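# Geometric and topological summary
The chain contents come next:
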Amino acid sequence: MATHPMHGWVPRQVTADKVTTAMDGDINPFTKKPLSATYKKILEARKKLPVYGYMEEFYRIFNETQITVMVGETGSGKTTQIPQFVAYSDLPHLKGKMIACTQPRRVAAMSVAKRVADEMDVELGKEVGYSIRFEDMTEPGTTFLKYMTDGMLLREAMNDPSLARYSTIILDEAHERTLATDILMGLLKDICKNRPDLKVIVMSATLDAQKFQRYFGTEKKLAPLLKVPGRTHPVEVFYTQEPEPDYVEAAIRTVLYIHQAEDPGDILVFLTGEEEIEDACRKIKIEADELASQDPHVGPLMCVPLYSSLPPQQQQRIFDPPPKPRRPDGPPGRKVVVSTNIAETSLTIDGIVYVVDPGFSKQKVYNPRIRVESLLVSPISKASAAQRAGRAGRTRPGKCFRLYTEKDYIKELEEQTYPEILRSNLANTVLELVKLGIHDLVRFDYCDPPAPETIMRALELLNYLAALDDDGNLTALGSMMAEFPLDPQMSKLLITSPEFECSNEILTIVSMLSVPNVFLRPPNQRKEADAAKALLSIPEGDHLTLMNIYNSYKQNEHDKNWAWNNYLSARALMQADNVRNQIQRIMERLDIDLTSRTVTGPRFYDNIRKTLVCGFFMQVAHKEGERNAYKTVKDNQAVSLHPSCGLDTNPEWVLFNEFVLTSKSFIRTVTAIKPEWLLELAGNYYDLKQFPAGETKSALQRVLNKQLGRQIQGNGESGAPDARKKKKQKTDHQAQGGYSTPPAVQGYATPPAGTARYSQHRPQAS
Amino acid sequence: MNDEDDYLSDKFLQQLEAKERSNKSYSQRRKDAQRDSEIRNLAGRTKSKKELEKEAMDKLKEGMSTSLFEREKLAVAEGGSESKAMRMMSKMGFKPGQALGRQEVAVSPSELVEGSTSKTTSNKKAVPISINLWEGRKGLGAMKRPLSPDSVAHELERAAKAAKTREALSQDEFRSRNRAEFEEKRDEGRLLSAQKTCAVLDEKAGVTFNYLVVNPRRAKLIPPNLLDALGIDPEVDIDDTYQSGSHRMRKDNMERLEDDETRLDSGLARRLREDMKRDALVSRHNPGEIDEDETLSMGAVTRRSKSEPEPNELQITSELVEQTQEFLQQPAKVRLERVLGYMREKYFFCFWCGTEYKSQEDMNTSCPGETEEMHD
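Structure report, in brief. (Residues numbered from 1 in each chain as written. Chains lettered and ligands numbered in written order. Predicted model: local features only at pLDDT ≥ 70, side-chain atom pairs only at ≥ 80, totals over all residues. Heavy atoms only, no water.)

What follows is about the overall build of chain B. Of the regular secondary structure elements, chain B holds 17 helices and four strands. The proportion of buried residues among the 376 residues of chain B is 36%. Considering only residue pairs separated by 6 or more positions, chain B has 58% of its internal contacts joining residues 24 or more positions apart. (Helix = DSSP H or I, 4+ residues; strand = E, 2+ residues; numbered from the N terminus. Buried < 20%, exposed > 50% of the residue type's maximum accessible area, 1.4 Å probe, protein only. Contact = heavy atoms within 4.5 Å.)

What follows concerns the overall build of chain A. Of the regular secondary structure elements, chain A holds 30 helices and 21 strands. Put simply, chain A has 766 residues, and 59% of those count as buried.

Residues and elements named next belong to chain A. Within the structure shown, the criterion is met by 52 salt bridges over all chains. Ionic pairing is found between Glu244 and Arg253, a salt bridge with its closest N-O pair at 3.3 Å. You can call Glu244 buried: its relative accessible area is 10%. Here Lys411 and Glu412 are joined by a salt bridge, their closest N and O atoms 3.9 Å apart. Judged by relative accessible area, which is 46%, Lys411 ranks as partly exposed. Assessed through its relative accessible area of 12%, Glu412 is described here as buried. (Salt bridge = Lys/Arg side-chain N within 4 Å of Asp/Glu carboxyl O.)

Glancing now at the interface of chain B and chain A. The interface of chain B with chain A comprises 66 residues on the first partner and 83 residues on the second. Summing both sides of the interface, chain B and chain A together bury roughly 6,700 Å²; the carbon and sulfur share of this comes to 62%. Between the two partners, chain B and chain A, sit four salt bridges. Asp471 of chain A is paired through a salt bridge with Lys91 of chain B; the nearest N and O atoms lie 3.9 Å apart. For the pair chain B and chain A, the interface holds twelve residue pairs in polar contact (both at pLDDT 80 or more). Where the side of chain B that touches chain A is concerned, the elements lending two or more residues are helix H4 (49–65), helix H5 (68–77), helix H6 (84–91), helix H7 (116–119) and helix H8 (149–205) of chain B. Looking at the side of chain B that touches chain A residue by residue, the classes come out as 33 nonpolar, 20 polar and 13 charged. (Buried area = accessible area lost by both parts, 1.4 Å probe. Polar contact = N/O pair within 3.5 Å; in protein donor to acceptor, adjacent residues only side chain to side chain. Nonpolar A, V, L, I, M, F, W, Y, C, P; charged D, E, K, R; others polar.)

This part covers the nonpolar core. All names here are of chain A. One finds Leu441, Leu459, Phe484, Ile583 and Tyr686 to be the most contacted residues of the largest nonpolar core, which totals 155 residues. Top contributing element to this core by residue count: helix H8 (residues 179–194), with nine residues. The contact partners of Phe484, leaving out residues within four places of it in the chain, are Arg155, Ser491, Leu494, Ile495, Ile583, Ile586, Met587, Leu590 and Ile592. Counting 46 residues, the second largest nonpolar core, distinct from the first, contains Trp9, Phe30, Val51 and Val128. (Core = buried A, V, L, I, M, F, W, Y, C linked by side-chain atoms within 4.5 Å.)

Right, let's get into helix H16 (residues 332–347) of chain B. All names here are of chain B. Spanning 16 residues, H16 covers 22 Å between terminal C-alpha atoms, matching the ideal 22 Å at 1.5 Å per step. Taken together, the buried positions of H16 are occupied by Ala332, Arg335, Leu336, Val339, Leu340, Tyr342, Met343, Arg344 and Tyr347. Positioned one or two residues after H16, Phe348 has a phi angle of 55°, which is positive. (Expected span 1.5 Å × (residues − 1).)

Below, the discussion takes up the sheet that holds strand S3 (residues 128–132) of chain A. Residue and element names in this part refer to chain A. Taken together, eight strands build an open sheet; the order of strands is S4-S3-S5-S2-S6-S7-S1-S8 and the sheet is mixed. Whereas interior strands pair on both sides, the edge strands pair on one side only; in this sheet they are strand S4 (135–137) and strand S8 (225–228). Across the sheet, the axes of successive neighbouring strands diverge by a mean angle of 20°, strand direction being ignored. Note: S3 against S4, three bridges, orientation antiparallel. Among the inter-strand pairings, Tyr130 is bridged to a residue of S4, identified as Met137. The sheet strands contacting helix H6 (residues 106–119) are strand S2 (98–103), S3 and strand S5 (145–149), and the helix crosses S3 at an angle near 175°. Across the face of the sheet, helix H7 (residues 150–159) comes into contact with S2, S3, S5 and strand S6 (166–171) while running at roughly 105° to S5. (Pairing = 2+ DSSP bridges. Axes fitted to C-alpha atoms, helices over the stretch in contact; angles between N-to-C directions.)

Before going further, it helps to examine the sheet that holds strand S10 (residues 266–270) of chain A. Residues and elements named next belong to chain A. If you walk across this open sheet you meet the six strands as S9-S16-S13-S10-S12-S11, and the pairing is parallel. In this open sheet, the two edge strands, each paired with only one partner strand, are strand S9 (235–239) and strand S11 (301–306). Along the sheet, successive strands turn relative to each other by an average axial angle of 20°, direction set aside. Pairing analysis gives four bridges linking S10 to strand S13 (residues 352–357), with the strands arranged parallel. Each bridged residue has a counterpart across the sheet, and for Val269 the counterpart in S13 is Val356. Against the sheet, helix H10 (residues 247–261) contacts S10, S11, strand S12 (334–339), S13 and strand S16 (398–402), and its axis sits at roughly 155° relative to S13. Relative to the sheet, helix H11 (residues 274–294) contacts S11 and S12, its axis offset from that of S11 by approximately 180°.

Attention now goes to unusual backbone geometry. Residues and elements named next belong to chain A. Phi at Leu91 is positive, roughly 50°, even though this residue is not glycine. Considering the arrangement of structural elements, one finds Leu91 in the loop between helix H4 (78–90) and helix H5 (92–95). Accessibility expressed as a relative area gives 2% for Leu91, which makes it buried. Look at Leu163: it is not a glycine, yet its phi comes out positive at around 50°. Along the chain, Leu163 turns up in the loop between H7 and S6.

Take the packing of helix H18 (residues 452–464) of chain A against H5 of chain B next. When two helices pack together, their arrangement is given by the angle between the helix axes and by the axis-to-axis distance. Orientation of H18 of chain A relative to H5 of chain B, taken along the N-to-C sense of each, is 65°, at an axis distance of 9 Å. In contact with Pro452, Glu453, Met456 and Arg457 of chain A of H18 of chain A, H5 of chain B contributes Leu68, Phe69, Arg71 and Glu72 of chain B. Considering only residue class, the contact of H18 of chain A with H5 of chain B consists of four nonpolar, no polar and four charged.

Attention now goes to the pairing of strand S1 (residues 67–72) of chain A. Residue and element names in this part refer to chain A. Here S1 lies mainly inside the structure; six of its six residues are buried. Side chains Ile67, Val69 and Val71 of S1 all project onto a buried face; the interleaved residues Thr68, Met70 and Gly72 project onto the opposite face, where all are buried too. Pairing geometry for S1 and strand S7 (residues 199–204), over five bridges, is parallel. Across the sheet, residue Met70 finds its bridge partner in S7, namely Met203.

Residue and element names in this part refer to chain A. If you trace the backbone, Thr65 turns up in the loop between helix H3 (55–64) and S1. Between the C-alpha atoms of Thr65 and Val200, which are 135 residues apart in sequence, the distance is 9.0 Å. Leave out the neighbours within four places in its chain, and Thr65 touches Lys199 and Pro224.

Moving on to the packing of aromatic side chains. Residue and element names in this part refer to chain A. On inspection of all chains with the given rule, the structure shows 26 aromatic pairs over all chains. Geometrically, the ring pair formed by Tyr239 and Tyr409 is tilted, given 5.8 Å between the ring centres and 55° between the ring planes. With Tyr239 in strand S9 and Tyr409 in helix H15 (residues 406–412), this residue pair connects regions lying 170 residues apart in the sequence. Given a relative accessible area of 22%, Tyr239 falls into the partly exposed group. (Phe/Tyr/Trp six-rings, centres within 6.5 Å; stacked < 30°, edge-to-face > 60°.)

This paragraph deals with the pairing of S2 of chain A. Residues and elements named next belong to chain A. Burial runs high along S2: six of the six residues are buried. Residue alternation in S2 divides its side chains into two sets, Met98, Ala100 and Thr102 and Ile99, Cys101 and Gln103, and both sets are buried. The pairing of S2 with S6 spans five bridges and is parallel. By the bridge assignment for S6, Ile99 is matched with Thr168. In this structure, S2 lies alongside S5, joined through five bridges in parallel fashion. Bridge pairing in S5 places Thr102 opposite Met148.

And the structure:
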């Protein structure tokens with residue numbers, strides 16, 4: 001019987017020789033089972049990865065230091081190999097510890113975990129697993145290498161502040177600077193001080209490693225760096241002479257030029273959005289067909305779109321080989337992939353030799369001043385441009401055509417893309433931070449500190465939702481809200497829903513809001529799709545429509561074609577169902593009743609809408625003037641209902657899920673509400689004494705006056721003083737000439753916000 | 001906050017600056033008034049889609065360039081209180097204008113590393129990153145560069161300051177302007193009724209024409225030749241209620257001209273008016289002619305339509321025109337005072353008492369005084 005391959009190994013003093021020997025052995029050191037033939041075959045491929053050659057250097061640095069920064073370009077193999085290297089050094093399986101490797105994207109976490117399970121010759125979900133929001137594919141006690149989204153690790157930190165179960169944490173794709181990765185970096189830096197046994201590796205694909213080295217280093221010394229070059233070829237970069245008046249046209253022209261004049265090799269074009277990409281694909285196809293019919297020296301061309309909302313089977317088309325020549329020894333065919341920036345880092349397409357880069361991408365930017373999320377086309381960064389160009393050199397030397405001048409490249413492009421923490425609404429993050437025990441949000445060691453106004457908006461929201469008290473301390477309600485991997489407004493809804501006897505319904509709505517758009521609208525069947533949607537719509541609001549769709553989906557679950565026939569995304573609905581189960585489990589754990597009213601009818605819908613008000617009272621718009629002209633409450637921004645909105649009228653008051661800025665200001669996913677509910681359920685926010693003057697305030701004042709009048713009529717016996725007050729109120733109103741609103745009536749007690757009530761008699765989260 | 005769109009806002013009131021009012025000629029002011037009413041109408045009607053979009057865009061830009069801390073400051077300055085969120089921020093040690101994050105150390109290690117400055121940028125932001133507003137499909141460099149956060153901060157400060165002064169100014173001015181406008185309107189109304197009374201008294205006393213009763217709001221009652229000499233459009237007659245009662249006065253005061261006119265068919269009347277206008281124009285643009293022919297006889301005009309000259313013609317002298325013009329250029333308050341003074345002096349009539357006294361003595365003893373306040 002052979003000795004155990006790891007016999008006599010001392011954790012973190014392992015050398016590359018020993019590891020190589022163990023890898024080449026016949027017994028799996030982690031499971032003690034014989035290694036399969038597949039393992040050996042994969043091992044040969046692994047040995048060819050650039051990172052494999054750096055094993056010795058890796059161990060030298062890793063064994064010596066607590067925090068390592070590593071740079072390895074896409075294709076270097078760092079995501080799959082480094083965690084395994086760490087496993088051979090940490091020997092987590094012997095110590096009951098785990099290694100975590102974070103990924104910004106769920107899909108990456110899943111697919112990489114699968115790949116690594118194969119490489120290590122173990123079953124996925126056993127020794128190697130993954131954990132993503134709403135899906136945990138690990139086995140406690142067995143799993144020692146866990147791929148997970150960065151958001152999941154952050155959530156784990158909330159209940160395990162020192163992350164004690166991990167021996168090493170690897171933050172992969174750190175250059176993407178997602179919100180969760182940024183927060184994790186701050187946390188880990190802190191945790192490392194108190195846990196010398198914990199090691200951290202920050203892996204990045206771009207060369208901006210110095211930022212991380214400095215951040216994780218001391219004042220005198222940078223954190224050590226391991227640099228692994230990728231397998232890349234030189235890329236020649238071309239600029240235009242003049243700025244382009246229309247970058248889409250310019251991109252099409254460039255593709256056609258390459259197709260006619262350049263050597264064989266596929267083309268990757270970066271555009272900004274679905275519509276633009278489909279439009280460009282259509283035009284390229286028409287032009288290329290015409291060229292090919294006129295000129296026998298021009299080969300066939302295949303144009304493939306790529307964007308995230310494309311169904312997976314269509315996304316797969318980017319891997320199709322280029323078309324064959326029309327006749328033997330004719331000019332070869334060419335594949336053109338027109339993509340959003342998802343092809344920039346996350347997807348690798350072989351065969352790309354030419355890259356066309358107009359210099360734009362669609363970026364999500366949150367503005368705390370008017371609380372809008374914009375999805376606008378903006379210039380990319382120099383780092384992004386370099387990344388795009390690099391895509392041309394994957395298989396052989398390539399060319400990158402930049403549709404802007406070199407001067408503009410230098411002058412107009414920022415060095416780095418803004419990290420997500422600077423571009424996002426931080427309400428959820430602040431709640432998480434407070435739950436993590438970070439009370440000083442001002443001096444927290446951010447890698448890039450967010451705008452103070454963004455933090456202030458988050459505090460404002462959390463305070464109004466009663467998740468934080470006036471001193472910024474987490475309330476019992478807030479603690480409970482943090483248990484949900486959802487925006488605080490949504491978790492508030494779920495916690496409040498039993499009060500209104502509609503928790504099942506709210507659970508459905510929240511689930512539907514947490515998945516991608518369920519409505520399909522194929523370009524050639526828009527009318528049919530809209531008609532199908534209208535049939536499922538509930539006139540009072542899109543939230544109710546979403547609920548109705550989910551319910552209809554469940555009723556027709558046996559019918560495989562139901563979703564398709566109703567122009568709905570079966571994938572999104574399935575996902576909603578899954579999310580619903582996960583959230584339901586959390587609710588059960590927190591002892592939140594799952595109730596429903598037995599009778600349906602208008603009151604039934606009213607209760608749901610009232611619950612929505614309890615969470616979304618800060619996202620309300622009031623109709624002012626024109627049919628579809630609304631103003632957001634307090635910020636007074638002019639918005640319109642998004643065309644996707646299913647309301648059949650334009651109610652005076654609406655609650656919205658999103659305020660987005662595209663070509664126009666829109667509110668999306670909208671439900672009609674009554675102003676009385678705002679005053680009743682969110683009195684704190686709708687305290688008219690603190691309300692900015694304007695039509696909205698006047699309208700609310702009228703409602704309040706009406707209520708007051710009714711109240712006075714109700715208590716007739718207390719007559720005299722009240723009547724006087726009423727009269728006084730009336731004269732006040734007249735004196736003001738109706739232009740400005742009279743001051744809020746003194747002595748009229750607005751009912752306390754629902755929030756305060758619920759936080760008191762809800763069971764505390766444990 | 002919203003009254004930018006309101007016609008009571010300073011945008012429109014600016015054109016009614018009280019100071020300018022007295023310096024402008026009557027016709028100039030009339031033109032202004034017309035333009036003003038056009039603007040009012042414009043504000044009243046439903047705005048076009050384009051206008052609404054522009055308005056929304058302006059509001060959006062304004063919203064995105066106004067810092068929340070500025071808003072807090074303003075709220076406090078206006079006697080409100082700091083928001084709870086602001087208090088929470090302050091409690092954590094935040095001061096507006098600062099960036100978040102770990103306090104900077106004196107010497108950052110980046111300076112020890114060669115060439116690091118070119119590769120890394122400090123992202124410490126005190127303000128939110130700016131949003132590039134939609135520019136269509138223009139290529140990079142073909143559009144305006146978005147404001148960098150630093151210049152945004154700068155711009156912001158400036159805008160906030162300007163907004164503050166504007167607000168303070170507009171609040172003050174709004175009130176005083178509003179009051180002035182109200183008083184002007186009130187005086188106009190009183191003037192009108194005083195003039196009516198005056199006309200009755202004049203009539204009783206046998207005065208054929210008194211420039212003090214001339215009011216452009218009752219243009220139909222003004223002799224047309226004078227009207228034209230003054231450049232007033234006779235079609236404007238706001239005081240509809242006065243129509244019936246005015247009939248007699250017209251006959252007497254206007255030398256039956258109106259009667260003549262009603263007898264003529266409307267086409268002829270128009271031509272007549274046009275002729276008169278032309279004459280009036282000539283007289284105004286060629287002062288020399290007036291010198292030669294000092295009086296513009298009413299008869300000269302009427303003769304064209306009527307061979308028989310009227311016995312009691314009103315002689316429109318350039319002096320009368322000047323007098324009237326001078327009178328009309330006064331603010332309503334002054335005009336009112338003059339009319340009232342005239343009535344007190346000539347007819348011992350006190351407008352405020354509504355009484356015609358027998359004599360100066362009688363008035364001195366029974367009437368409390370010349371002004372309205374004295375009658376309280």
